[in-house]
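# Understanding the architecture of this molecule
Residues per chain are reported as follows:
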Amino acid sequence: MNAAITAVGGYVPDFVLTNKMLEGMVETNDEWIVSRTGIKERRILKEKGLGTSFMAINAAKDLIQKSNLDPSEIDLVIVATATPDMQAASTAAYTAAQIGAINAFTFDLDAACSSFLFGMSVASSYIESGRYKKVLLIGADKNSSMINYEDRATCIIFGDGAGAVLFEPNEEGYGVQDELLRSDGSGREYLLVKYGGSAFPIEPIHLANKEQFVYQDGKNVFKHAVFNMADVSEKILERNHLSKEDISWLAPHQANKRIIDATASRIGLEDDKVMMNIQKFGNTTSATLPLLLYDYESQLKKGDKIIFAAFGGGFNWGALYLTWAYNPSA
Ligand code: UT7
């Protein structure tokens, strides 16, 4: 029994933060941002009081509406996120209640930028075990909630958004085929929000120093991302005896176009096989992979071989090989 993706949904907030706008906020320029990252604009959830769940709910509703899914049939809702609405109260439980998934159990899953990739592993394992029939996996992040818009090293990169996929059993062999997932905790100092968690609860001094926000040593993360994303992508091809001609699509985490290009070039893929939306959404953390599927769904055909790859804070990274289970609707 395989676990296949059978439906996709997505949501991004309306507000567009352009490179031009950032030029008025920090010392940067459009040319630098585009040439170093590939990002032209990103979406920001501006309205006060709305968190990650707002986008997760909208992405899930989009999926439910497009696929005529009865939400009461969903067995499990996983929200992959690094920016839950609140501590302790799970974002997934609230999301499930709002979409009418009244018979589902729920939990949040956080592996920073690899949250959705690791979520694919978890969701598909529940299906493969035969225990559940419908698992809704949502990747959603409101990165703007942890960004210092005076820090040019981070504010140009991140955006907000959400994407959702439904996993169901597939008896024709389509769906998740293999995965290679890794973590290395020695990387945590290079990308983190140090204050506000259980180790260092926020104190007035941290707020005064703006230390409640994301810190990233971009160069170091970049170096590890380029090496590791390419490495696992190459290995998963090798061990499944896949040549570059066999691959229909690479769906890479959208952190930096140069990291994406390096991964594609290591496995010899041309640009037209590489899914990309970093130019319009930036790095949406847990939402990059499902938003790629949301954008490219109409081009995907039954049997397409897709390699997903991600790298992020922790460090956590990996690659997953999946075959697509349905043709675009007419
Ligand atoms: O998704 C989670 C994982 N995250 C990632 O994978 C992100 C990985 N890292 C990156 O994508 C890149 O390292 C960044 C986009 C964050 C930065 O690009 P970079 O090419 O590594 O730049 P850099 O930090 O080495 O900085 C190069 C120069 C520096 O100036 P000097 O020292 O050479 O004079 C920076 O001060 O560019 C300067 N700089 C900027 N200039 C204009 C740094 N940020 C900016 C900026 N605008 N926003």
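Shown above is the structure to which this text applies.
Residues numbered from 1 in each chain as written. Predicted model: local features only at pLDDT ≥ 70, side-chain atom pairs only at ≥ 80, totals over all residues. Heavy atoms only, no water.

## Observations concerning the nonpolar core
By size, the foremost hydrophobic cluster in this structure holds 74 residues, and its most contacted members are Phe167 and Phe308. Residue contributions to this core reach at least three from each of two domains, namely domain 1 (2-174) and domain 2 (176-323). Not counting the four nearest positions on each side in its chain, Phe167 is found in contact with Ala3, Ala4, Ile5, Met120, Ala123, Ser124, Ile127, Lys133, Lys134, Val135, Leu137 and Val176. Ranked by size, the runner-up nonpolar core spans 25 residues in total, among them Tyr11, Ala60, Ile74 and Ile99. (Core = buried A, V, L, I, M, F, W, Y, C linked by side-chain atoms within 4.5 Å. Buried < 20%, exposed > 50% of the residue type's maximum accessible area, 1.4 Å probe, protein only. Domains from an automatic or database assignment. Contact = heavy atoms within 4.5 Å.)

## Some details on a nonpolar patch on the surface
A surface patch of nonpolar side chains, about 250 Å² in accessible area, is lined by Phe15, Met21 and Met25. Relative to the helices and strands, Met21 is located in helix α1 (residues 19-23). Taking the relative accessible area as the measure of exposure, Met21 reaches 36% and is therefore partly exposed. (Patch = residues over 30% accessible without salt bridge, like charges linked within 9 Å, V, L, I, M, F, W, Y side chains within 5 Å. Areas by Shrake-Rupley, 256 points an atom, 1.4 Å probe, with all protein chains shown as cover. Salt bridge = Lys/Arg side-chain N within 4 Å of Asp/Glu carboxyl O. Helix = DSSP H or I, 4+ residues; strand = E, 2+ residues; numbered from the N terminus.)

## Quick notes on the side chain of Ser53
Inspection of the secondary structure puts Ser53 in helix α3 (residues 52-67). A distance of 2.6 Å separates the side chain of Ser53 from the side chain of Asp85, its partner in a polar contact. The residues touching Ser53, leaving out its near neighbours within four places in the chain, are Asp85, Thr91, Tyr94 and Thr95. (Polar contact = N/O pair within 3.5 Å; in protein donor to acceptor, adjacent residues only side chain to side chain.)

## Quick word on the pattern of salt bridges
Applying the stated criterion across every chain, the model contains 11 salt bridges. Glu150 is paired through a salt bridge with Lys210; the nearest N and O atoms lie 4.0 Å apart. Residue Glu150 is located in the loop between β6 (135-142) and α6 (152-155), and its partner Lys210 is located in the loop between α7 (204-208) and β10 (215-216); the two are separated by 60 residues in the primary sequence. We note a salt bridge from Arg266 to Glu234, for which the minimum N-O separation is 2.6 Å. Of this pair, Arg266 sits in helix α9 (residues 257-266) while Glu234 sits in helix α8 (residues 218-239), placing them 32 residues apart in sequence. Residue Arg266 is classed as partly exposed on the basis of its relative accessible area, which comes to 32%. Overall, Glu234 belongs to the partly exposed group, its relative accessible area being 27%.

## A look at the packing of aromatic side chains
Here the structure, examined in full by the defined rule, presents 11 aromatic pairs. When the centroid spacing of 6.3 Å and the interplanar angle of 45 degrees are considered together, the rings of Phe105 and Phe107 count as tilted. Judged by its relative accessible area of 33%, Phe105 is partly exposed. Take Phe107: its relative accessible area is 23%, and that puts it in the partly exposed class. Relative to Tyr126, the ring of Phe105 has its centre 6.0 Å away and its plane inclined at 80 degrees; by these criteria the two rings are edge-to-face. Placement of Phe105 in strand β5 (residues 105-109) and of Tyr126 in helix α5 (residues 115-128) is noted, with a sequence separation of 21 residues between them. Grouping aromatic residues by their ring pairs yields a cluster made of Phe105, Phe107, Tyr126 and Tyr132. (Phe/Tyr/Trp six-rings, centres within 6.5 Å; stacked < 30°, edge-to-face > 60°.)

## Considerations on unusual backbone geometry
With an omega of -5 degrees, the peptide bond between Gly314 and Phe315 qualifies as cis. Counting through the fold element by element, Phe315 comes out in the loop between β12 (305-312) and β13 (316-323). Phi at Asn68 is positive, roughly 55 degrees, even though this residue is not glycine. Inspection of the secondary structure assignment puts Asn68 in the loop between α3 and β4 (76-80). If you check the backbone angles, Ala112 has positive phi at about 50 degrees while not being a glycine.

## A few points about α9
Ile259, Ile260, Thr263 and Ala264 are the residues of α9 that are buried. Looking straight down α9, one finds its buried side chains confined to an arc of 130 degrees; they lie on one side. The elements touched by buried residues of α9 are α8 and β11 (249-252). For α9, the side-chain oxygen to backbone nitrogen distance between the N-cap and Arg258 is 2.8 Å, and the N-cap itself is Asn256. Immediately beyond the C-terminal end of α9, within one or two residues, lies Gly268, with a positive phi of roughly 75 degrees. (Arc of directions from axis to C-beta.)

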